[in-house]
Amino acid sequence: MEPCHHCEALYITCKLQNCSEGNKGKPFPGYIDPNSLVVQDEYVFVQVTTGGRTIYYVSSQRDVFTPMKLPKYTLPKDLHVISTDEKRVVAAVQEWNQNDTFNLYVSESGGVYYTLALENVMSSMGPEGNVMIDLYEVAGIKGMFLANKKQESQVKTYITYNKGRDWRLLQAPDVDLRGNSIHCLLPYCSLHLHLHVSANPYTSGNIASKESAPGIIMASGSIGAELSNSNVSMYITSDAGNTWRQIFDEEYSVLYLDQGGALVAIRHTPLPIRHLWLSFDEGRLWNKYSFTSSPLFVDGVLGEPGEETLIMTIFGHVSHRSEWQLVKIDFRSIFNRRCTDGDYQTWHLQNQGETCLMGVKRIYRKLKSVARCVMGKTHSVTVISEPCDCTESDFECDYGYERRSDGKCSPAFWFLPSSMWRSCTTVSSFLNSTGYRKVVSNNCTGGVVDLYTARRQPCPRQAPRGLHLVTSDGTLTATVNSNVTFMVFLEEGSGSRTTIMLDFGNGNTISYSNISTVEDGIRHVYRSVGIYRVAATARNDLGAETVLLYLHVTCPLEHIHLWAPFVAVKSKEVNLTAVLWPSQVGTVTYIWWLGNNSEPVITLDGSVAFTFSREGINVVTVQVSAGNIILQDRKTIAVHEYFKSHLLAFSSNLDEHNPDVAEWRLDVSRIIRNSMVQATGMDREQLLVTVLPGLPTTAEFFLLPDKQVTEGKPEKTTQHLDEDALVQAKHHAFPPSYPIKPCDKSSFKLSEMVLGALNQNLVQFTLRPGVQITVYAAHLSAAPLVDTSEKHSGSAMLMLLSVVVVGLAVFVIYKFKRKIPGLSIYAQMQNEKEQEMIQSPVGPAVEATVAVATAAVAPTAVTAAVAAILPVQSQQQQKQKQKQPRPPRELVVMTSSLEPLDTVYKAHSIECIRPHPRVKFSTELPTYIDV
């Protein structure tokens, strides 16, 4: 079973006759790793990976699932169930310090407690990526296994007759195929076998045995100090591994016929062949037969169904280009009679003279080697068993004990024998282990059975110890408004006298009279998101113990949205905010990738401030991790030293076609931009447009500096946005209704050109056939265009602005009664002499009286601040001003920022400029971006 770290599944049972939702059961309460379910005989195995660690569970006879108890520091990386015969589990476990080997563990009848049987068994990868363990269970003889063990960089073959309790090397044959003596002395030299079994039913593997032919094993292998892939020969044993004979000096495929009464061998070779070999005396004598007139490339051999068959099929091809050819061979004509009782003999199973194996003496009925007859379907392998007295060899080490060099079992350093008193938490007596347990399916009686068998004793009175509190699925998270099942376990303590109290951490507490009443778990529902301190307390008259669990109750994160400005000012701090839905989801981690930084910024807060130091397009990505859910959003921000912006409105029919999705807004933004460029003739690179979320549909356009105009100039202001406007206007065909006046030639503004095109309904686009959309300059603003050129700064002016804002707003309205559509407050610019100002004493900025008004701009609720510069001069100051040289005639406007405005700016007189009624000033950058 291999762990899956990023997925989960449920184990559900139901009856086939009525597998409805209401009749489904969940024997395993939590999630399991997919593809980990293994059902063999009376056992069910699953695995659960939590926190990078895998726990393996077993259910015997479809009972409750229990963690498999391997030795404490096994720490398995992988586990494979090898066998479940006779109420016992044999498992191959790859431990934390192993790479190409596995350790074999064997269990008691429940499949829960495991002890080591053999270390460092070799493994390899199969053709389909599956793990193949070099372990072979011999058919026909219970408890007999062959395994290839890695020992000091050498691979050796071992055999066991008692399910892994004892292992030994294989004795090599005395003579080779030609009768020459073989000098091979144990343990320095032995027989080693290849133990791979073919998954292809049409080809045999390296080893074969049959249930109907006990004691006969054929395998390929080598003789020497270790297993070799060179000089491979075929070997056979007819007495269950006690003695071996060499039968071929090459590899052969082997087929059992007539329940092992006849053996067929075909050579393993890439060359074409036309002969096979047949033996009737358990491989002692082989006869050569021709099965085809022309040589055949053999692809596979297949016997007819049934152990008693005497018919086999060979399939292959004459050449590599020919089709398959099948050759069917019937051996029935070779036999002229059926076997009688006189053709059989008895055979005693033994291991180097020891006949008591697995607690009994087993006697088999086998065909004599000289008999040539057909056994047929009526033949059965008769086994006569005689029980033996129990000896120490019939017992293996119990869980928590290890075998010493002298063969005795002693406790492992990590094992506390008193831990086996755990059953005392639910019953009044326990089995006191002697350090041994009888090998499962061992049928010995008497002898030393009382000496090595665990004894039942009354439970001692003891205080609670080893209290555990976990959730049923093994996690520390839960979803709000869902059932959470807490499991309480007690390792030691008088369970019938121990009370259990569980504090859920939200003001609710529940108590139980004893530990047995909470075996099925304790359910609770949390109604609010948060981190809860859950406490379980076990108490009796001898003491108490408390254990804590911190449970994170969360709400699934469904969507996130990154709020960020579409355009930002270089070297000005920008606020970035991740908005979650739902807003309360529990513990959240934010991972930010800002600008061109390769390393993320990790925060627990949903907002960060960042300053972009370079102009250009910057990408901001935020990932939000909540529980096992990670969502992200990404926005693009254009960074410039200054810019101008204005809101756009549309003809009302656009709202009917607005699905309010990001893709639609992106496409419409592109169309609007193309239309504005076409209507004005301006450089496409100086214009950005974004459609804002929500209804009614609104948008904003941004005027950006022309790099060719501003490049190399030491002082860059928004004046440069308009330096090339006249050139663009001369090359664009404006209608007669919008003439360029003489004054336009010296101070014509790019923003004026764009707004003029919008006011004359020159910006239009076709959304779909019959749906024409007109773009307007929005009338929602109470200020001119947003302007981001910065000149001076001074915190004192901010205080002055707040003091005079209300009074001057009223004054301006009263003094100048002409109403400009779209403006709630306006400021009339004075003549040239009246607008000249003197230096302010509070800083490098000029002294000015500023009227400020705010207007709510739907749908983004962006507050716009309007600033009109009014002259406040004394007569003395005016006289001093007359002596000073006149400053350049230009308008310099406010800087947008996400922080409070703390700057005051130069203001100069303006001549020959047509004030536009639908423009705005702002002290904030827009908090939306292109979507």
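Residues numbered from 1 in each chain as written. Predicted model: local features only at pLDDT ≥ 70, side-chain atom pairs only at ≥ 80, totals over all residues. Heavy atoms only, no water.

Undergrad: How should I be thinking about the overall build of the protein chain in this particular structure?
TA: The helix and strand inventory of the protein chain stands at eight helices and 61 strands. Out of the 931 residues in the protein chain, the part that is buried amounts to 49%. Considering only intrachain contacts with a sequence separation of at least 6, the fraction spanning at least 24 residues in the protein chain is 57%. As displayed, the protein chain offers around 45900 Å² of accessible surface, 52% of which is attributable to carbon and sulfur atoms. (Helix = DSSP H or I, 4+ residues; strand = E, 2+ residues; numbered from the N terminus. Buried < 20%, exposed > 50% of the residue type's maximum accessible area, 1.4 Å probe, protein only. Contact = heavy atoms within 4.5 Å. Areas by Shrake-Rupley, 256 points an atom, 1.4 Å probe, with all protein chains shown as cover.)

Undergrad: What is the right way to read the environment of Leu467 from this model?
TA: Within the secondary structure layout, Leu467 lies in strand β38 (residues 465-471). Taking the C-alpha atoms as reference points, Leu467 and Leu490, separated by 23 residues in sequence, lie 4.5 Å from one another. Ignoring any residue separated from it by four or fewer positions in sequence, one finds Leu467 in contact with Val488, Phe489, Leu490, Ala536, Thr537, Ala538, Glu545, Thr546 and Val547.

Undergrad: I'm lost on unusual backbone geometry in this one. Help?
TA: Between Trp581 and the following residue, Pro582, the backbone shows a cis peptide bond with an omega angle of -5°. Along the chain, Leu695 connects to Pro696 via a cis peptide bond; the corresponding omega equals -5°. Note that Pro696 resides in the loop between β55 (687-691) and β56 (699-703). Despite not being glycine, Asn120 shows a phi value in the positive range, around 55°. Relative to the helices and strands, Asn120 is located in strand β10 (residues 114-125).

Undergrad: Hey, could you run me through the state of the cysteines in this one?
TA: Two cysteines form a disulfide when their sulfur atoms are joined by a covalent bond. For the coordinates displayed, the defined rule picks out six disulfides. Residue pairing for Cys184: its cysteine sulfur links by disulfide to Cys189, the two sulfurs lying 1.9 Å apart. For the disulfide bridge between Cys184 and Cys189, the dihedral angle about the S-S bond is near -105°, and by the sign convention the bridge is left-handed. For Cys184, a relative accessible area of 11% puts it in the buried group. Note on Cys189: relative accessible area 14%, which makes it buried. Disulfide pairing is shown between Cys397 and Cys409; the S-S distance is 1.9 Å. Taking the torsion about the sulfur-sulfur bond, which here is approximately -85°, the covalent link between Cys397 and Cys409 counts as left-handed. Placement of Cys397 in strand β32 (residues 395-397) and of Cys409 in strand β34 (residues 409-411) is noted, with a sequence separation of twelve residues between them. Neither Cys397 nor Cys409 differs from the other in exposure class; each is buried. (Disulfide = S-S within 2.5 Å.)

Undergrad: Would you mind showing me how to read the nonpolar core here?
TA: One broad trend across soluble globular proteins is that nonpolar side chains are buried collectively. In this structure, Leu648, Ile672, Met676, Leu687, Phe701 and Leu758 are the most contacted members of the largest nonpolar core, which totals 28 residues. Other than its neighbours up to four places away in sequence, Leu758 contacts Leu648, Phe701, Val763, Val775, Tyr776 and Ala777. (Core = buried A, V, L, I, M, F, W, Y, C linked by side-chain atoms within 4.5 Å.)

Undergrad: Whenever I open this one, the environment of Ser212 confuses me. Can you help?
TA: The residue Ser212 is located in the loop between β17 (207-210) and β18 (213-224) in this model. Between the C-alpha atom of Ser212 and that of Ser380, which follows or precedes it by 168 residues, the distance is 7.5 Å.

Undergrad: Looking at this structure, how should I read the sheet that holds strand β44 (residues 530-540)?
TA: Whether parallel or antiparallel, the strands of a sheet pair through hydrogen bonds between backbone atoms. Pairing is mixed across the open sheet formed by five strands, whose spatial order is β39-β45-β44-β41-β42. The strands lining the two open edges of the sheet, one partner per strand, are β39 (477-479) and β42 (509-512). Looking at each pair of strands side by side, their axes are set apart by 25° on average, direction ignored. Strand direction decides the pairing type here: β39 and strand β45 (residues 543-554), joined by three bridges, are parallel. (Pairing = 2+ DSSP bridges. Axes fitted to C-alpha atoms, helices over the stretch in contact; angles between N-to-C directions.)

Undergrad: Mind showing me how you'd approach helix α6 (residues 750-759) here?
TA: One turn of the α-helix equals 3.6 residues, which is why residues spaced by three or four share an orientation. Most of α6 sits inside the fold, with nine of its ten residues counted as buried. Buried within α6 we find Leu750, Ser751, Glu752, Met753, Val754, Leu755, Gly756, Ala757 and Leu758. Immediately beyond the C-terminal end of α6, within one or two residues, lies Asn761, with a positive phi of roughly 60°.

Undergrad: Mind showing me how you'd approach the side chain of Asn242 here?
TA: Tracing the backbone shows Asn242 in the loop between β19 (233-237) and β20 (245-248). Here the side chain of Asn242 touches Gln350 through a polar contact of 2.7 Å, landing on its backbone oxygen. A distance of 2.7 Å separates a polar side-chain atom of Asn242 from the backbone nitrogen of Gln352. Those residues within four positions of Asn242 in sequence are excluded, and the remaining contacts are Tyr161, Arg168, Gln171, Thr237, Gln350, Asn351 and Gln352. (Polar contact = N/O pair within 3.5 Å; in protein donor to acceptor, adjacent residues only side chain to side chain.)

Undergrad: Sorry if this is basic, but what is going on with helix α2 (residues 662-680) here?
TA: Between its first and last C-alpha atoms α2 spans 27 Å; for 19 residues at 1.5 Å apiece the expected length is 27 Å, and the two agree. Considered for burial, the residues of α2 that qualify are Trp664, Arg665, Val668, Ser669, Ile672, Arg673, Ser675, Met676, Val677, Ala679 and Thr680. Buried residues belonging to α2 abut β54 (644-650), β55, β56, α6 and β57 (764-768). Directly after α2, the chain includes Gly681, whose backbone phi takes a positive value near 75°. (Expected span 1.5 Å × (residues − 1).)

Undergrad: Just to check I follow, could you spell out the environment of Thr445 for this structure?
TA: As for its placement among the helices and strands, Thr445 is situated in the loop between β36 (436-438) and α1 (449-452). A relative accessible area of 45% means that Thr445 is categorised as partly exposed. The spacing of Thr445 and Pro387 is 58 residues in sequence and 6.9 Å in space, taken between C-alpha atoms. Ignoring sequence-local partners within four residues, the contact set of Thr445 consists of Pro387, Cys388, Asp389 and Cys390.

Undergrad: Would you explain the sheet that holds β38 in this entry?
TA: In space, the three strands of this open sheet follow the order β38-β40-β43, with antiparallel pairing throughout. The open sheet is flanked by β38 and β43 (522-525), the only strands paired with a single partner. Taken over all neighbouring pairs, the strand axes of this sheet differ in orientation by 25° on average, direction set aside. Where strand β40 (residues 483-492) meets β43, four bridges bridge the pair, whose relative direction is antiparallel. Bridge pairing in β43 places Phe486 opposite Ile522.

Undergrad: So what exactly am I meant to see when it comes to the packing of α2 against α6 here?
TA: When two helices pack together, their arrangement is given by the angle between the helix axes and by the axis-to-axis distance. Relative orientation of the contacting elements α2 and α6 amounts to 105°, with a least axis distance of 10 Å. The angle between α2 and α6 falls in the class roughly perpendicular. Packed against α2, whose contacting residues are Met676, Ala679 and Thr680, the element α6 presents Met753, Val754 and Ala757 at the interface. Considered class by class, the residues forming the contact of α2 with α6 number five nonpolar, one polar and no charged. (Parallel < 35°, antiparallel > 145°, perpendicular 65-115°, else oblique. Nonpolar A, V, L, I, M, F, W, Y, C, P; charged D, E, K, R; others polar.)

Undergrad: Where do I start with the pattern of salt bridges in this structure?
TA: Oppositely charged side chains are able to pair whenever their charged atoms sit close together. Using the criterion set out here, one finds 21 salt bridges in the structure. Salt-bridge contacts for Asp330 lead to Arg332; the nearest nitrogen and oxygen are separated by 2.5 Å. Owing to a relative accessible area of 34%, Asp330 belongs among the partly exposed residues under this scheme. Here Lys635 makes a salt bridge to Asp633, at a shortest N to O gap of 2.6 Å. Judged by relative accessible area, which is 5%, Lys635 ranks as buried. One connected set of salt bridges, linked through shared partners, spans Arg88, Glu396, Asp398 and Arg437. (Salt bridge = Lys/Arg side-chain N within 4 Å of Asp/Glu carboxyl O.)

Undergrad: Mind showing me how you'd approach the packing of aromatic side chains here?
TA: The description of two aromatic rings rests on the distance between their centres and on the angle between their planes. Throughout the structure, instances matching the rule amount to 22 aromatic pairs. Here the aromatic rings of Tyr526 and Tyr532 are separated by 4.5 Å at their centres, their planes lie at 40°, and the arrangement is tilted. Considered together, Tyr526 and Tyr532 belong to a single accessibility category, that of buried residues. Taken together, the ring pairs connect Tyr113, Tyr399, Tyr401, Trp414 and Phe415 into an aromatic cluster. (Phe/Tyr/Trp six-rings, centres within 6.5 Å; stacked < 30°, edge-to-face > 60°.)

Undergrad: Mind showing me how you'd approach the pairing of strand β14 (residues 154-160) here?
TA: Strand residues, when the strand is regular, have side chains that alternate between the two faces of the sheet. In terms of residue burial, β14 counts as a mostly covered element, since six of its seven residues are buried. As consecutive antiparallel partners, strand β13 (residues 145-151) and β14 are separated by two residues, and within that stretch Glu152 has a phi angle of approximately 55°, a positive value.

Undergrad: What am I meant to see in a nonpolar patch on the surface here?
TA: Residues Leu10, Ile12 and Tyr31 make up a contiguous nonpolar surface patch of roughly 250 Å² in combined accessible area. Secondary-structure assignment places Leu10 in strand β1 (residues 9-10). Taking the relative accessible area as the measure of exposure, Leu10 reaches 37% and is therefore partly exposed. (Patch = residues over 30% accessible without salt bridge, like charges linked within 9 Å, V, L, I, M, F, W, Y side chains within 5 Å.)

Undergrad: Just to check I follow, could you spell out the confidence of the model for the protein chain for this structure?
TA: Reading fine detail from the predicted coordinates is not recommended where pLDDT is low. In this model, the protein chain carries a mean pLDDT of 77, and residues with pLDDT of at least 70 account for 76%. The low-confidence segment residues 780-787, where pLDDT is below 50, has 48 contacts with residues more than four positions distant or belonging to other chains. Note that residues 809-931 has pLDDT below 50 and, in this model, 287 contacts with residues that lie over four places away or in other chains. (pLDDT = per-residue confidence, 0-100.)

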